[in-house]
Amino acid sequence: MKDVWFHFKGVLKCSAELTEEAVKVISEFIKFANEDLLKRGVPRSLDKREHGAEIESWEVSGKELRFKIKSDRYVRAHDAALRLKNALAGRLGSLKIGIRGLEVENFEIIADWDLPEAPRMPEILVEKMRLDDGKITLKVRLEDEADLRNRLPDRILRLLEEKRERLEWRGKEEHWELLWESPERPTFFDKDPTQEMQERGWIRHGAARGQWIYGPQVTKIFRTFEKIIDEVILKPLGYVEMIFPKLVPWEVWKRSGHARAVYPEIYYVCTPKTRDPKFWEDIMDYFKITGEVPTHMIMERIENIGGLCYAQCPPFWVFLQGRILSDASLPICVFDRSGTSHRYESGGIHGIERVDEFHRIELVWLGTKEQVVEHAKKLEKRYTFIFEEIFELRWRKAWVTPWFMAQEGRLGLAEKKEVGTIDFEALLPYNGKWLEFQNLSINGDKYPKGFNVKLQSGKELWSGCSGIGLERWTAVFLAQKGFDVEKWPESFRERIGELPEVFKFV
Ligand code: ATP
Ligand code: ZN
Ligand code: MG
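Note that the structure is predicted; figures quoted are calculated from it, not measured.

**Student:** Account for the overall build of the protein, with residues named and values stated.
**Tutor:** Scanning the protein from terminus to terminus reveals 15 helices and 22 strands. A compact globule built from 506 residues would reach a C-alpha radius of gyration of about 23 Å, whereas the protein, at 30 Å, exceeds it by more than 25%. Taking the principal axes of the C-alpha coordinates as reference, the protein spans close to 100 × 65 × 50 Å. A total of 506 residues make up the protein; the buried ones form 48% of that total. Within the protein, residue pairs in contact and separated by at least 24 positions form 72% of the contacts whose partners lie at least 6 positions apart. Here the protein has roughly 26300 Å² of accessible surface; of this, 50% comes from carbon and sulfur atoms.

This is the structure we're talking about:
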């Protein structure tokens, strides 16, 4: 946003009548404020008469001083009002008049706005919004002085800026740029592998939505993938296994940034308000009589604390939170495969490739910027080896810049391909679509910053992560290679051996 202005209208409540003498003091003070006090902070290069804050008008009645301030971005009107209050308190003090409080009557943020539409802003904070003549005006709801001290208007402005960037991205989730594509390769199957697996009794729907029970054959495929990952990636690159928590409290998502947007896609986790059985007795009885679980009654007795694992690495960072790492321990490479990830995919659920409960190996690496970038290159090479030499897939790599990068002012780094994500995608012959089956991200200093992790030397600590989705790998492999094991690449066949046949149904 090019330019922004703030308009403030409010009242200072004093402890005594503002006498003629007091009015004289105020009048002189306001002259001084407009020339000096409310100009402190305007850059030297700018004309003080045109920038900073200014008291536009004021009037005294009884114990009240009502005034209006307008400002630009240098000395913002809300800061100016507080500055005014503090400085005036000193002057009126000599007349034995105290200042009881500062009330906000009206607050507006006006900003240049070159987009045709206005964004949606939260109504609890923004009462009214108007768009005209290339400017947007927000009437902000400020309750009291504390809102000024907490710089609520600044936060609202930041949100407005973020929404603008979002609109500029035209609703796209991410920018996509092809980096590399494999040669065309023969595929041996043209149906949906999930259906085929169901018909063969390899998998069956779990009782929950978007959940599968994987029989012995697919489980062996999953485990073979893990063996390959172990052999080609984890061992040679020096990865060490850890176990990351799978229940993620808000505290973690606030720091990882997920609290900004994760709401429509998570599985929420709640605790009972009490574990006193009496509190739950009527619910138990209800079930005993009706055979139904009264979820509406349960909702009132539980408290949300967070959600189930969505991205795998955020809860890992609590391990390092607030600590200082020795430079000698870098680079650090750890991985987690200790449990499921959960996403509410709504109507998007499809086969085993888009599910609500999935299995993923997450690699996390930490180091200096150079180390992290270099490690990502190594990892990319090794992934390429697996998909080219072991699986012989038809696949491609794309550089994607998620919109939150734009919003965090990191587009420059993304353009240099230092921070951002490579998506690995493969063709599904049965529908002609490309499916992302894993990713590799360089996250810059985002996580160390968010979780307050530092390096002993004071250098910037960076990190990266990569999520390998076992369902997606399976979907891609079977969609291209089919179910005739003879046709599978030799390099995979020798690793997997025989598929177990266990259940026989009549
Ligand atoms: P998509 O665009 O396909 O929804 P995403 O961008 O949401 O994928 P990421 O957040 O990058 O996926 O997650 C990393 C990896 O986790 C993916 O590459 C994929 O392997 C796996 N994954 C994500 N969502 C699902 C899902 N619903 N079902 C199975 N695997 C998933
Ligand atoms: Zn991650
Ligand atoms: Mg997704």
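Next, the rest of the story.
**Student:** Could you give an account of the coordination of the zinc ion (ligand 2), naming the residues involved and the relevant values?
**Tutor:** In this structure, Cys313 (SG), Glu362 (OE) and Cys465 (SG) serve as the protein donors to the zinc ion (ligand 2), at separations of 2.1 to 2.4 Å. Of note, the zinc ion (ligand 2) draws all its donor residues from one chain, in the sequence arrangement C-x48-E-x102-C. Remark: cysteine 465 occurs in strand 22 (residues 462–469) and glutamate 362 occurs in strand 17 (residues 357–367); sequence separation between them is 103 residues. Both residues of the pair, glutamate 362 and cysteine 465, count as buried.

**Student:** Summarise the sheet that holds strand 6 (residues 135–140); cite the residues concerned and give the values.
**Tutor:** An order of 2-3-1-4-6-5 is seen for the six strands of this open sheet, with the pairing classed as antiparallel. Where the open sheet ends on each side, the last strands, each with one partner, are strand 2 (53–61) and strand 5 (126–132). Here the strands of the sheet are splayed against their neighbours by 15° on average, with no regard to which way each runs. Note: strand 1 (residues 4–14) against strand 4 (residues 99–112), 11 bridges, orientation antiparallel. Bridged to glycine 10 within strand 4 is valine 104. Against the sheet, helix 1 (residues 20–35) engages strand 2 and strand 3 (64–71), with an angle of about 170° to strand 2.

**Student:** So what's going on with the packing of aromatic side chains? Residues and values would help.
**Tutor:** Under the counting rule described, the total for this entry stands at 36 aromatic pairs. Ring centres of phenylalanine 29 and phenylalanine 32 lie 6.0 Å apart, and the angle between their planes is 50°; this geometry places the pair in the tilted category. Highlighted residues: phenylalanine 29 and phenylalanine 32, both in helix 1, separated by three residues, approximately one helical turn. For phenylalanine 32, a relative accessible area of 26% corresponds to the partly exposed category.

**Student:** Give a detailed account of helix 2 (residues 77–93), specifying residues and quantitative values.
**Tutor:** In this model, helix 2 (17 residues) spans 24 Å end to end at C-alpha, consistent with the 24 Å of a helix rising 1.5 Å per residue. Along helix 2, the residues that are buried comprise Ala77, His78, Asp79, Ala80, Ala81, Leu82, Leu84, Lys85, Leu88 and Leu92.

**Student:** Give a description of the side chain of serine 341 that names residues and reports values.
**Tutor:** Relative to the helices and strands, serine 341 is located in strand 16 (residues 340–342). Classification of serine 341 as buried rests on a relative accessible area of 0%. Within the structure, serine 341 has its side chain in polar contact with the side chain of arginine 360 (distance 2.9 Å). Ignoring sequence-local partners within four residues, the contact set of serine 341 consists of Cys309, Tyr310, Gln312, Asp356, Glu357, Phe358 and Arg360.

**Student:** Provide a residue-level description of the site of ligand 1, including the pertinent values.
**Tutor:** Not every one of the 13 residues close to ligand 1 is listed here, only the nearest: Arg343, Glu345, Arg354, Val355 and Glu436. Within the side chain of glutamate 345, an N or O atom sits 2.6 Å from a nitrogen atom of ligand 1. Within the contact set of ligand 1, a nitrogen atom lies 2.8 Å away from a backbone nitrogen or oxygen of valine 355. Look at ligand 1: alone it shows 590 Å² of surface, and the protein chains cover 81% of it.

**Student:** Give me the sheet that holds strand 12 (residues 268–272): which residues, what numbers.
**Tutor:** What the three strands build is an open sheet, ordered 11-13-12; its pairing is antiparallel. The sheet is open, and its two borders are formed by strand 11 (247–249) and strand 12, each paired with just one other strand. On average, each strand axis in the sheet is inclined to that of its neighbour by 50°, with strand direction left out of account. Judged from the three bridges that link them, strand 11 and strand 13 (residues 302–308) form a sheet pairing that is antiparallel. Looking at the pairing, proline 249 lines up with glycine 306 of strand 13.

Criteria and thresholds
Residues numbered from 1 in each chain as written. Chains lettered and ligands numbered in written order. Predicted model: local features only at pLDDT ≥ 70, side-chain atom pairs only at ≥ 80, totals over all residues. Heavy atoms only, no water. Helix = DSSP H or I, 4+ residues; strand = E, 2+ residues; numbered from the N terminus. Rg over C-alpha atoms; globule rule 2.2 N^0.38 Å. Buried < 20%, exposed > 50% of the residue type's maximum accessible area, 1.4 Å probe, protein only. Contact = heavy atoms within 4.5 Å. Areas by Shrake-Rupley, 256 points an atom, 1.4 Å probe, with all protein chains shown as cover. Donors = N, O, S within 2.8 Å, 3.2 Å for Na, K, Ca; no water. Pairing = 2+ DSSP bridges. Axes fitted to C-alpha atoms, helices over the stretch in contact; angles between N-to-C directions. Phe/Tyr/Trp six-rings, centres within 6.5 Å; stacked < 30°, edge-to-face > 60°. Expected span 1.5 Å × (residues − 1). Polar contact = N/O pair within 3.5 Å; in protein donor to acceptor, adjacent residues only side chain to side chain. Near = heavy atom within 4 Å.

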